[in-house]
Amino acid sequence: MITNAIAIPFIPPQYQIALMAFIMCLLTTFLIAAISSVKRISIEGVMLFGIALMFAYDSLLTMMQYVASETQLQTLVFWQMGSLDRGSWAKITVLAIVLPIVLLIMMKDAWQLSTLKIGHERAQAMGVNVKRLRIKTLLLVSVITSLAVSFVGAVGFVGLVAPHIARMVLGEDQRYFLPASFLVGAVLLELASIASKSIMPGIILPLTVVMSIIGIPFFIYLIIKKGGRFLMALEINDISVTFDDNVILDNLSLPSIALGEMVAIIGKNGAGKSTLLRHITQNLRQHSHQILLHGNPLTLENIGYLPQDHRISATITVVELLITTLNMGSHSLFAKANSAEKSLQLLKQMGILHLANKVCTELSGGESQMVGLAQAVINQPKVLILDEPTSALDMHNQMKLLDFVRKYSQESQACVLMVIHDLNLAIQYSTKVAALHQGKLFAYGDPITTITPSLIWSVFDVDSHVAIIDERPIVVVKSSNRSQ
């Protein structure tokens, strides 16, 4: 109907719908891409924008149906339901030419597309032109989507179900994932077309109805399986702290921290790093709206905390300390079942089982720090807060402790906030780094691209060089102040 009103010269009428579909698909894609590039807009905001666009397009379709003639209305309704029976040899020829070309172009970029899965900032650090790759991929996806929709109709859930099936079978390697997604989508549509003619004898069900019967349960399964990973987990907003007339934290906010992320907080002494952690753990009730977990106020029950002063003054054994921590909040005189077994199992996982029967006051500084971490995670918190967790440890035990923290964050899908002074450990272990300077957030992002000589100069007043050794950046200090 639109193409009747807007004739496009030199384009056969049967292909003008495909061209208009491409233009609108491209417009929608780049609108969403533009919105998602705005740093202040969260994933939820992008999703809401997408929903708003969907309702806007639905309104346009409704208007078109309202003013359409009887013949045009039948065409619109039939298109919305989707059907493979609308195919023709001319359309098949177009698809047979375009789809292999698009697939070959995308396969050429398979390695770079795979690199994007480890994060755009990290991919950029590895030499990938992320912006150009995104635009190129969006153009190609718009081409194949517009052709499919204009020729077959609006068939929902194919773009959701097919890629996830391919990913579950073959993983994220784009060399295999891309052609598999094409193939799985085609097979699903063909099976759905057969089912639409077979479910109710004598009645051909719309293709989009059959795909919804398959897609909606699959979508619910993905939500249940991934749980909170669809959401940003931890939000820290508008934190201000003053001591007398000294401003320590000045309206500090951090970007939303996803489940399983480890955020290293770096900065000079007095920058407010430890103050931020103490504020999170000690002022939850007074400032419940500033610190949220899954959209709800963070509670102490969800926090595991290893303070900077980690020495334990209680004259009890390490295993007794852990059993006591496990039973915090219990009103029974008896310990919970398997408390001792859980405590010993944790010590074994951390490689410090030999400390189980040692009295806490007899622990060395490093041993006390390891035991303090065990105490912090024994109740499996969803937010782990570590204030200089490696300060008393030798090189071997630093890596041992951080290896355990990373494993815990990934397996428990816990958010980790840790103050750390060793920038090389921050690069090696964190997924994001937050640099504080003069009470404000100076920089935030992937540690490889964020921790640069420029940042170190600005935040620490130190001249440095970042060397690449075995494909890993290493910070090397040149001088300790600007005058040298």
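Our subject is the structure that appears above.
Predicted, not measured: the structure shown is a model, and the values here were computed from it.

A. Summary view of the sheet that holds strand β10 (residues 440–445). Taken together, the six strands give an open sheet; going across it, the order is β6-β7-β8-β3-β9-β10, and neighbouring strands pair in mixed fashion. Where the open sheet ends on each side, the last strands, each with one partner, are β6 (303–306) and β10. For this sheet, the mean inter-axis angle between neighbouring strands, taken without regard to orientation, is 15°.

B. Inspection of the nonpolar core at higher detail. With 52 residues, the main nonpolar core has I266, L373, L384 and I451 as its most contacted residues. With six residues, helix α15 (residues 365–377) is the largest single contributor of residues to this core. Apart from the residues lying within four places of it in its own chain, the contact partners of I451 are I266, L423, A426, I427, V433, I456, V466 and V475. With 29 residues, the next largest nonpolar core counts L234, I239, A271 and V383 among its residues.

C. Examining helix α4 (residues 70–81) more closely. Compared with an ideal rise of 1.5 Å per residue, which puts twelve residues at 16 Å, α4 spans 17 Å between its outermost C-alpha atoms and is within 8% of the ideal. At the C-terminal side of α4, G82 shows a positive phi close to 80°.

D. Region of the structure containing the layout of surface pockets. Here the second largest pocket is characterised by a volume of approximately 600 Å³. Elements represented by at least two residues in the lining of the second largest pocket include exactly β6, α13 (318–326) and α15. Considering every element that reaches the lining of the second largest pocket, the biggest residue donor is β6, with four residues. Residue classes in the lining of the second largest pocket are distributed as ten nonpolar, seven polar and three charged.

E. Here's a closer look at the packing of α13 against helix α14 (residues 339–350). Between α13 and α14, whose axes approach to 9 Å, the crossing angle comes to 120°. Between α13 and α14, the angle is such that the two are oblique. The way α13 lies across α14 gives a crossing that is right-handed. Where α13 abuts α14, its residues V318, V319, L322, I323 and L326 lie against S339, A340, K342, S343, L344 and L347.

F. Looking closely at the environment of P206. Structurally, P206 is set in the loop between α10 (174–198) and α11 (207–226). With 126 residues separating them along the chain, P206 and Q80 place their C-alpha atoms 9.0 Å apart. With residues up to four places along the chain from it excluded, the contact list for P206 reads M81 and G82.

G. Representation of the packing of helix α9 (residues 158–170) against α10. Closest axis-to-axis distance for the α9/α10 pair is 8 Å, and the angle between their directions is 130°. The angle between α9 and α10 places the two elements in the oblique class. Considering only the axes of α9 and α10, their crossing is right-handed. Counted together, V158, V161, A162, P163, I165, A166, R167 and L170 of α9 and Y176, F177, A180, S181, V184, G185, L188 and L189 of α10 form the full contact between these two elements. Considering only residue class, the contact of α9 with α10 consists of 13 nonpolar, two polar and one charged.

Conventions used here
Residues numbered from 1 in each chain as written. Predicted model: local features only at pLDDT ≥ 70, side-chain atom pairs only at ≥ 80, totals over all residues. Heavy atoms only, no water. Pairing = 2+ DSSP bridges. Helix = DSSP H or I, 4+ residues; strand = E, 2+ residues; numbered from the N terminus. Axes fitted to C-alpha atoms, helices over the stretch in contact; angles between N-to-C directions. Core = buried A, V, L, I, M, F, W, Y, C linked by side-chain atoms within 4.5 Å. Buried < 20%, exposed > 50% of the residue type's maximum accessible area, 1.4 Å probe, protein only. Contact = heavy atoms within 4.5 Å. Expected span 1.5 Å × (residues − 1). 1 Å grid on protein atoms, 1.4 Å probe; cavity = no way out; pocket = protein on both sides within 12 Å on 5 of 7 lines; lining within 4 Å. Points joined across faces, edges and corners; volume = space filled by probe spheres on them. Nonpolar A, V, L, I, M, F, W, Y, C, P; charged D, E, K, R; others polar. Parallel < 35°, antiparallel > 145°, perpendicular 65-115°, else oblique. Left-handed = near helix turned anticlockwise from the far one by under 90°.

No statement about biological role is implied by the geometric values presented.
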